[in-house]
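Residues per chain, in single letters:
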Amino acid sequence: MNIEERNKNFIDRDKLYGLIEGKIPAENELDNILNKAIKLKGLGLEDVAALLRVEDKALIHKIMECAKQVKEAIYGKRLVLFAPIYTGNVCVNNCTYCSFRKDNHLIKRKILTMQEIAEETSALLKQGHKRVLLICGENNKNGTDYMVEAIRTTYGVKERGGKDYIRRINIELAPMEVEDFARLKAEKIGTYVCFQETYDPVRYKDFHPAGTPKADYLYRLSVMDRAMEGGIDDIGIGALLGLIDYRFEVLAMIEHANHLERCFGCGPHTVSVPRMEPAIGAPDAEKVPSPVSDDDFKKLVAIIRIALPYTGIILSTRENDVMRNELIKYGVSQISAASKTNPGSYAHQEEESGTQFSTGDHRSMEQVISSLIDAGYIPSFCTGCYRKHRVGGDFMDLAKPGLIKQYCLPNAMFTFNEYLEDFASEETKRKGKELIKSMFAEVDKKDLLPKIKDNLNKIDAGERDIFF
């Protein structure tokens with residue numbers, strides 16, 4: 001592993017913009033790239049740049065069909081669900097695209113107490129959620145001490161006589177020091193998430209005014225190095241699409257993944273692709289600087305899927321249900337469901353605290369799950385890999401030869417069966433059970449089938465939290 005490269009600026013701005021301006025690949029060149037991609041080994045930066053330059057709709061369709069094959073080969077018919085818990089919307093930064101910005105006086109501010117966090121957690125458990133993402137704005141009141149207490153509070157909430165509890169918490173926090181990450185690791189968090197917003201160091205200054213912590217581009221860029229040095233096994237990167245040319249951001253995320261591979265032997269566990277949506281009191285969200293069309297958005301998700309085949313791609317409720325349903329086919333492996341972006345609004349739906357952005361998918365948890373069943377997808381609440389310590393490099397060692405599938409599909413079936421037994425309507429339960437049975441044919445290791453069926457029967461009889 002390259003220790004000298006850690007905490008350095010690995011983004012060569014001129015190089016990435018130069019790659020964007022290269023020639024559009026001919027169809028035979030495109031086919032050569034896609035033939036490499038279908039081997040599930042990922043793609044180099046130059047190949048990714050070539051795909052990003054494709055504009056012909058028929059050729060883009062080829063890219064998307066390749067991504068579909070890669071997605072199905074690795075993830076099969078399962079999709080992970082989670083929900084964010086916004087613990088506060090008070091922030092010292094002044095980002096020009098975010099409603100939480102310090103100078104925005106159009107929203108009501110709030111930082112949740114531990115009791116309110118417990119109420120939010122309880123409300124999500126009653127929907128059937130088992131995985132949450134804790135999020136907060138950057139300020140002096142909810143730093144590491146606050147988040148440690150919030151994690152303990154969230155893990156401590158139990159429903160239905162102790163049967164329901166959050167099984168894994170992921171964290172989205174502002175950059176911090178190595179010792180802070182070590183504290184979060186000790187609290188048994190899953191993935192640490194932090195978005196660079198934009199990887200362009202020049203344009204970054206336009207969106208993050210000087211005088212605030214977030215104005216430090218390099219400190220934010222190097223945060224994942226500190227996280228991994230602090231013992232965090234799984235990290236999640238992302239860019240806010242719409243600030244600058246999306247092609248630069250995609251190339252930069254690939255560079256970020258390559259940097260982490262060189263330095264730590266393991267790239268990102270997830271990549272998020274949030275596309276800018278309207279946000280109250282945020283000038284750049286009201287008039288998006290570099291809008292990403294629906295067609296370009298679909299293309300970039302497909303390209304990330306084939307470039308980073310074993311990395312999860314997360315899509316939030318920023319996008320509407322039509323877009324989300326389509327992108328599940330072409331690369332997305334995790335989605336939030338029934339999300340609220342204003343603090344306190346799961347437990348108190350009348351809560352008037354300000355939202356971070358407008359959401360496009362307003363379906364309930366059951367509506368999301370019913371739609372996934374109709375499309376043939378197993379909704380998964382699995383946290384088995386975290387708790388069996390199949391994380392970081394160990395996870396990738398299992399994922400790359402395809403061995404992780406022997407755990408993922410059964411665990412998805414188990415957690416989905418729990419949801420059907422505990423929360424689903426009769427119609428959703430009926431068709432969900434039929435879907436689970438149909439998945440038996442997808443199990444690669446047939447000698448596991450008796451154990452899988454036995455565990456499903458145990459869940460039907462009332463046992464919970466079974467996983468391989």
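Per chain, residues are indexed from 1 in the order of the written sequence. Totals for whole chains, interfaces and linings use every residue, but because this is a predicted model, local features are given only for residues with pLDDT of at least 70 and side-chain atom pairs only at 80 or more, for both listing and counting. Side-chain metrics in this entry use all non-hydrogen atoms of the structure; hydrogen atoms and water are not considered.

Threshold: UniProt positions are given in the numbering used here, feature names are shortened, and annotations may be inferred rather than shown by experiment.
As annotated in an unreviewed UniProt entry, the protein carries the name [FeFe] hydrogenase H-cluster radical SAM maturase HydG and comes from Candidatus Onthomorpha intestinigallinarum. Looking at the Cofactor (unreviewed entry) heading of the UniProt record, one finds this comment for the protein: "[4Fe-4S] cluster".

## Some details on helix α4 (residues 57-75)
Note the cut-off: Secondary structure counts use DSSP, requiring at least four H or I residues in a row for a helix and at least two E residues in a row for a strand, with both numbered from the N terminus. By this rule, a helix spans an expected 1.5 Å times one less than how many residues it contains. Each residue is placed in one exposure class: buried if its accessible area under a 1.4 Å probe, protein chains only, is under 20% of its type's maximum, exposed if it is over 50%, and partly exposed if it falls in between. An arc is given here, and it is the one of the directions from the helix axis to the C-beta atoms. Two N or O atoms count as a polar contact when they lie within 3.5 Å, although within protein this holds only if one can serve as hydrogen donor and the other as acceptor, and sequence-adjacent residues are included solely when both atoms are side-chain atoms.
Its 19 residues give α4 an end-to-end C-alpha distance of 26 Å, which sits within 8% of 27 Å, the value for a rise of 1.5 Å per residue. Inspection of α4 places L59, I60, I63, M64, C66, A67, V70, K71, I74 and Y75 among the buried residues, and these make up the whole buried set. In a view along the axis of α4, the buried residues occupy a sector of 155°, so they form one face of it. The opening residue of α4 is D56, an N-cap whose side-chain oxygen sits 3.0 Å from the backbone nitrogen of A58.

## Some details on the side chain of T144
Note the threshold: Whether two residues are in contact is decided by their heavy atoms, any of which lying within 4.5 Å being enough.
Looking at the secondary structure, you find T144 in helix α6 (residues 144-156). A relative accessible area of 14% places T144 in the buried class. Residue contacts for T144: discarding those within four places in its chain leaves M176, D180 and R183.

## A few points about the pairing of strand β3 (residues 168-172)
Test applied: Pairs of strands are assigned from DSSP output, requiring at least two bridges between the strands. Handedness of a crossover is defined as follows: orient the strands so they point away from the viewer, and if the path from the first strand over the helix to the second runs clockwise, the crossover is right-handed.
The element β3 is largely enclosed, with a buried count of five among its five residues. Alternating residues of β3 divide into R168, N170 and E172 and I169 and I171, and every residue in both groups is buried. Note: strand β2 (residues 131-135) against β3, five bridges, orientation parallel. Counted as the bridge partner of L133 is N170 from β3. Running through α6, the crossover from β2 to the neighbouring parallel element β3 is right-handed. Traced from β3 through helix α7 (residues 178-186) to strand β4 (residues 191-193), the parallel crossover comes out right-handed.

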